[in-house]
Amino acid sequence: MGKIIELNEALANQIAAGEVVERPASVVKELVENSIDAGSSKIIINVEEAGLRLIEVIDNGLGLEKEDVALALRRHATSKIKDSADLFRIRTLGFRGEALPSIASVSQMTIETSTAEEESGTKLIAKGGNIETLEPLAKRVGTKISVANLFYNTPARLKYIKSLQAELSHITDIINRLSLAHPEISFTLVNEGKEFLKTAGNGDLRQVIAAIYGIGTAKKMRQIKGSDLDFELTGYVSIPELTRANRNYITILINGRFIKNFLLNRAILEGYGNRLMVGRFPFAILSIKIDPTLADVNVHPTKQEVRLSKERELMALISKAIDEALSEGVLIPEALENLQGRAKEKEALSVQTELPLQNNPLYYDNVRQDFYVREEATFKINKNQPSNDSSEQTFDNFTENQLNTDAVNEKMTDRTVESTTEITDNSLENTVSNFEIDFDNEAKISQSSTFPQLEYLAQLHATYLLCQSKEGLYLVDQHAAQERIKYEYWKDKIGEVSMEQQILLAPYLFTLAKNDFIVLAEKKDLLHEAGVFLEEYGENQFILREHPIWLKETEIEKSINEMIDIILSSKEFSLKKYRHDLAAMVACKSSIKANHPLDAESARALLAELATCKNPYSCAHGRPTIVHFSGDDIQKMFRRIQETHRSKAASWKDFE
């Protein structure tokens, strides 16, 4: 007797459900896509317990005729295609005929539907894929499908379901993508009786962006357009100011279908060129209309992977359209801020040129692990010069600001702050203590055979420290070096909950998309370990009323957005990795920047501290802290080592 048997339809549907129905969000996606294919202009989605207890999709589409209702639960029964030729010119979102039977096989499904031509509607009740009731119903044009007790007969699948908040976030993300793909349809998402999302359905994509991501985000979006013989491209991209740390805010649509495509993502980034910082990603909604014969959507049951013909041409079109949209009067915010900062620095330097000192050298305090301006030296030189009101006022303001910065840095290391007069009077003592620490660190360096014992020579372009040793010449990036030092300090300190807080006079508001709001609301306690306390405030918003003192007020909005991105982009949240990322960010923000002059004493102290690090060779972000030119390299640059005019054959004779 043969061993191969044909599986019954119910079992085959349950097997297929493993591919089509991964989680409640998969059910929502398939049902809503059917409603879209039915020509609906209004779709309402109700969910309870993140879709595990109930998913209800109501539309005003064409509906199903009585004779088609029961047939719709049969495997591979569809109205979208009729022959093999139709498979290569698909214009609908669904076509495989697997969704409804697969969903019905792992749930209790109810279908209520009617068409405009029929006098009454039809109601179907199925349990585990088996039809229990099929009866007439009062007419209501459209369809209402209810899916209850999902996975009730496949309990093993429930073990892989994440928290309710995580599942609800996936559902919200699906509705967000479909709303962006079809702005002409009004979508309403209701969870536990509370409205989560509602779009107008007037065809205005910018209004949909505002409904999902907030009005502030919508105002920072630029419209793009492009077309050629094969493709028509429309959509919106964010200005370079508005970026995130992950690609989750990039939505690519092919003929109204949300897809994932690495090459098209890369084309978007190439369109921005050098306008984006490394590791940052824009908001983008790209709608691409293409001849169905150039796209193969029959790749995976979820239909999110699509094979495209002429993919390279499409990439070039996307990059060109984005570049053209951003080239029209766009100023990169970071560049503008840098220009403003340089203008201020030049103004301050022009005032200081009236003093004998051409600049204010920074000194390194090993106890505080930060740089400071020696007030005593500056004051003594200044008082011997004829002063005017403007220069005195500038100097007083600078001294006060620097002392305030020192006070904040003192609090960061949990040490008491001396008064400004004590700091001025004891500056010489601080210098002596620094030298003592230098000698101790040099003793530690001599014990280490891996890191070279460097002799400081000079500072290059107020950014790099020029050093030498018996092995050759070394260049040290002062910012990367101190970032490494501070990172190794902060990676242990960043999780302390005893950090002092500073009350904000004007609280900060953070607006997120609904799906991100749900996830962050569940994980916001993780921010408490960094001293950041966000409170839910209004719809899709968090409010920050105080901040840890280690976080500068000018960096609050940007830094906390980065923290939020770290949490939202982590599929499996790791507290250790989170603390690493957060410590790296704090170390980078608080380290000395380029174009800051250092005196020899501070430079030597920085080199000594770097030598004691566990990993002194790279900063927290992987950039090198030090580069090496060997003696041979230098001699080759000056042609002191070169090939002689004698041939190699002749030179070999010397060894015979």
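Not measured: the values here are computed from a predicted model.

Section: a negative patch on the surface
No. 1: Residues Glu 65, Glu 67, Asp 68 and Glu 117 make up a contiguous surface patch of negative charge.
No. 2: As for its position among the elements, Glu 117 is in the loop between β3 (108–114) and β4 (121–127).

What to know about the packing of helix α9 (residues 262–272) against helix α10 (residues 311–327)
No. 1: Where α9 meets α10, the axes come as close as 7 Å, and the angle between the chain directions of the two elements is 30 degrees. Relative to α10, the element α9 lies roughly parallel. Relative to α10, α9 is oriented so that their crossing is right-handed. Where α9 approaches α10, its residues Leu 263, Leu 264, Arg 266, Ala 267, Ile 268, Glu 270, Gly 271 and Tyr 272 are matched on the opposing element by Glu 311, Arg 312, Leu 314, Met 315, Ile 318, Ser 319, Ile 322, Asp 323 and Leu 326.
No. 2: Of the residues in the contact of α9 with α10, the class split is 10 nonpolar, two polar and five charged.

Quick word on the packing of helix α6 (residues 164–181) against helix α17 (residues 514–523)
The axes of two packed helices give the description: the angle between them and the distance between them.
No. 1: It is the contact of α6 with α17, at a shortest axis distance of 7 Å, that shows an interaxial angle of 165 degrees. Compared by their axis directions, α6 and α17 come out roughly antiparallel. Note that α6 runs across α17; the crossing there is left-handed. Residues Gln 165, Ala 166, Leu 168, Ser 169, Thr 172, Asp 173 and Asn 176 of α6 touch α17, and the partners they reach there are Lys 514, Asn 515, Ile 518, Val 519 and Glu 522.
No. 2: For the contact of α6 with α17, the residue count by class is four nonpolar, five polar and three charged.

What about the nonpolar core?
No. 1: Counting 82 residues, the largest nonpolar core has Val 32 and Ile 45 as its most contacted members.
No. 2: When residues no more than four places from it in sequence are discounted, the contact partners of Ile 45 are Val 28, Val 32, Glu 56, Val 57, Ile 175, Phe 187, Thr 188, Leu 189 and Val 190.
No. 3: By size, the runner-up hydrophobic cluster in this structure holds 31 residues, among which are Ile 254, Leu 308, Ile 318 and Ala 321.

Some thoughts on unusual backbone geometry
One can expect most non-glycine residues to show negative phi and most peptide bonds to be in trans.
No. 1: Even without being glycine, His 461 reaches a positive phi, approximately 55 degrees.
No. 2: Relative to the helices and strands, His 461 resides in the loop between β20 (455–460) and β21 (464–469).
No. 3: Classification of His 461 as exposed rests on a relative accessible area of 63%.
No. 4: Phi is positive for Ala 462, close to 55 degrees, though the residue is something other than glycine.
No. 5: Examined against the element boundaries, Ala 462 turns out to sit in the loop between β20 and β21.

Structural notes on the environment of Ala 50
No. 1: Among the structural elements, Ala 50 can be located in the loop between β1 (42–48) and β2 (54–59).
No. 2: Relative accessible area serves as the criterion here: at 4%, Ala 50 is assigned to the buried category.
No. 3: Sequence-distant contacts of Ala 50, that is, excluding residues within four places in its chain, are made with Pro 24, Leu 164, Glu 167, Leu 168 and Ile 171.

Some points on helix α21 (residues 600–611)
No. 1: With 12 residues, α21 ought to run about 16 Å at 1.5 Å a step, and its terminal C-alpha atoms sit 17 Å apart, in line with that.
No. 2: Within α21, 10 of the 12 residues are buried, leaving the element largely enclosed by the surrounding structure.
No. 3: Among the residues making up α21, those that are buried are Glu 601, Ser 602, Ala 603, Ala 605, Leu 606, Leu 607, Ala 608, Glu 609, Leu 610 and Ala 611.

Structural notes on α10
No. 1: The first and last C-alpha atoms of α10 sit 24 Å apart over 17 residues, in line with the 24 Å expected at 1.5 Å per residue.
No. 2: Three or more residues of α10 are buried, namely Glu 311, Leu 314, Met 315, Leu 317, Ile 318, Ser 319, Ala 321, Ile 322, Ala 325 and Leu 326.
No. 3: Next to the buried residues of α10 lie β9 (221–227), β10 (231–238), α9, β15 (284–290) and β17 (307–308).

Focus on the packing of aromatic side chains
No. 1: In this structure the tally under the stated criterion is four aromatic pairs.
No. 2: Ring geometry for Tyr 213 versus Phe 283: centroids 5.2 Å apart, planes at 80 degrees, classification edge-to-face. With Tyr 213 in helix α7 (residues 205–213) and Phe 283 in the loop between β14 (281–282) and β15, the pair connects residues that are 70 residues apart, well separated along the chain.
No. 3: Where Tyr 249 meets Phe 283, the ring centres are 4.6 Å apart and the plane angle is 45 degrees; that geometry is what we call tilted. One end of the pair, Tyr 249, is in the loop between β11 (243–244) and β12 (250–254); the other, Phe 283, is in the loop between β14 and β15, and 34 residues separate them in sequence. For the pair formed by Tyr 249 and Phe 283, the shared burial category is buried.
No. 4: Aromatic ring contacts, followed pair by pair, group Tyr 213, Tyr 249 and Phe 283 into a single cluster.
No. 5: Residue placement shows Arg 244 over the ring face of Tyr 249; its charged tip is 5.8 Å from the ring centre.
No. 6: Over the aromatic face of Phe 196 sits the side chain of Lys 514, whose NZ or CZ is 4.3 Å from the ring centroid.

Some words on the sheet that holds β10
No. 1: The sheet built from five strands is open, its strands ordered β9-β10-β15-β12-β13 with mixed pairing. Looking at the sheet topology across the chains shown, the edges are occupied by β9 and β13 (257–259). Direction aside, the axes of adjacent strands within the sheet are offset by 20 degrees on average.
No. 2: Looking at chain direction, β12 and β15 are connected through five bridges and run parallel. Residue pairing across strands places Ile 250 opposite Ala 284, the latter belonging to β15.

Section: the pattern of salt bridges
Two side chains carrying opposite charge are able to pair once their charged atoms lie near each other.
No. 1: Evaluation of the coordinates by the stated rule reveals 11 salt bridges.
No. 2: Close ionic contact of Glu 167 with Arg 23 constitutes a salt bridge, the shortest N to O distance being 3.0 Å. On the criterion of sequence distance, the pair formed by Glu 167 in helix α6 and Arg 23 in the loop between α1 (9–20) and α2 (24–37) is long-range, its members being 144 residues apart. Across the pair, Arg 23 and Glu 167 agree in class, each one buried.
No. 3: Arg 484 serves as the salt-bridge partner of Glu 488, at 3.1 Å between the closest nitrogen and oxygen. Separated by four residues within a single helix, Glu 488 and Arg 484 lie in helix α16 (residues 478–493), roughly one turn from each other. For the pair shown, Glu 488 and Arg 484 are each scored as buried.
No. 4: In the salt-bridge network here, residues are joined through shared partners; they are Lys 29, Glu 30 and Glu 33.

Re the side chain of Thr 243
No. 1: Residue position: Thr 243 is located in strand β11.
No. 2: Within the structure, Thr 243 has its side chain in polar contact with the side chain of Arg 280 (distance 3.1 Å).
No. 3: Sequence-distant contacts of Thr 243, defined by excluding residues within four places in its chain, comprise Leu 276, Arg 280, Phe 281 and Pro 282.

Structural notes on the pairing of β10
No. 1: Burial within β10 is extensive, with six of its eight residues counted as buried.
No. 2: When β9 meets β10, the two strands line up antiparallel, connected through seven bridges. From the neighbouring strand, Ser 227 faces β10, where its bridge partner is Glu 232.
No. 3: Linking two consecutive strands that pair antiparallel, namely β9 and β10, is a turn of three residues.
No. 4: Pairing of β10 with β15, which is carried by seven bridges, proceeds in the antiparallel orientation. Note that in β15 the partner of Glu 232 across the bridge is Lys 289.

Rules used in this analysis
Residues numbered from 1 in each chain as written. Predicted model: local features only at pLDDT ≥ 70, side-chain atom pairs only at ≥ 80, totals over all residues. Heavy atoms only, no water. Patch = residues over 30% accessible without salt bridge, like charges linked within 9 Å, V, L, I, M, F, W, Y side chains within 5 Å. Areas by Shrake-Rupley, 256 points an atom, 1.4 Å probe, with all protein chains shown as cover. Salt bridge = Lys/Arg side-chain N within 4 Å of Asp/Glu carboxyl O. Lys, Arg positive; Asp, Glu negative; His and termini not counted. Charge placed at Lys NZ, Arg CZ, Asp CG, Glu CD. Helix = DSSP H or I, 4+ residues; strand = E, 2+ residues; numbered from the N terminus. Axes fitted to C-alpha atoms, helices over the stretch in contact; angles between N-to-C directions. Parallel < 35°, antiparallel > 145°, perpendicular 65-115°, else oblique. Left-handed = near helix turned anticlockwise from the far one by under 90°. Contact = heavy atoms within 4.5 Å. Nonpolar A, V, L, I, M, F, W, Y, C, P; charged D, E, K, R; others polar. Core = buried A, V, L, I, M, F, W, Y, C linked by side-chain atoms within 4.5 Å. Buried < 20%, exposed > 50% of the residue type's maximum accessible area, 1.4 Å probe, protein only. Expected span 1.5 Å × (residues − 1). Phe/Tyr/Trp six-rings, centres within 6.5 Å; stacked < 30°, edge-to-face > 60°. Lys NZ or Arg CZ within 6 Å of the ring centre and 35° of its normal. Pairing = 2+ DSSP bridges. Polar contact = N/O pair within 3.5 Å; in protein donor to acceptor, adjacent residues only side chain to side chain.

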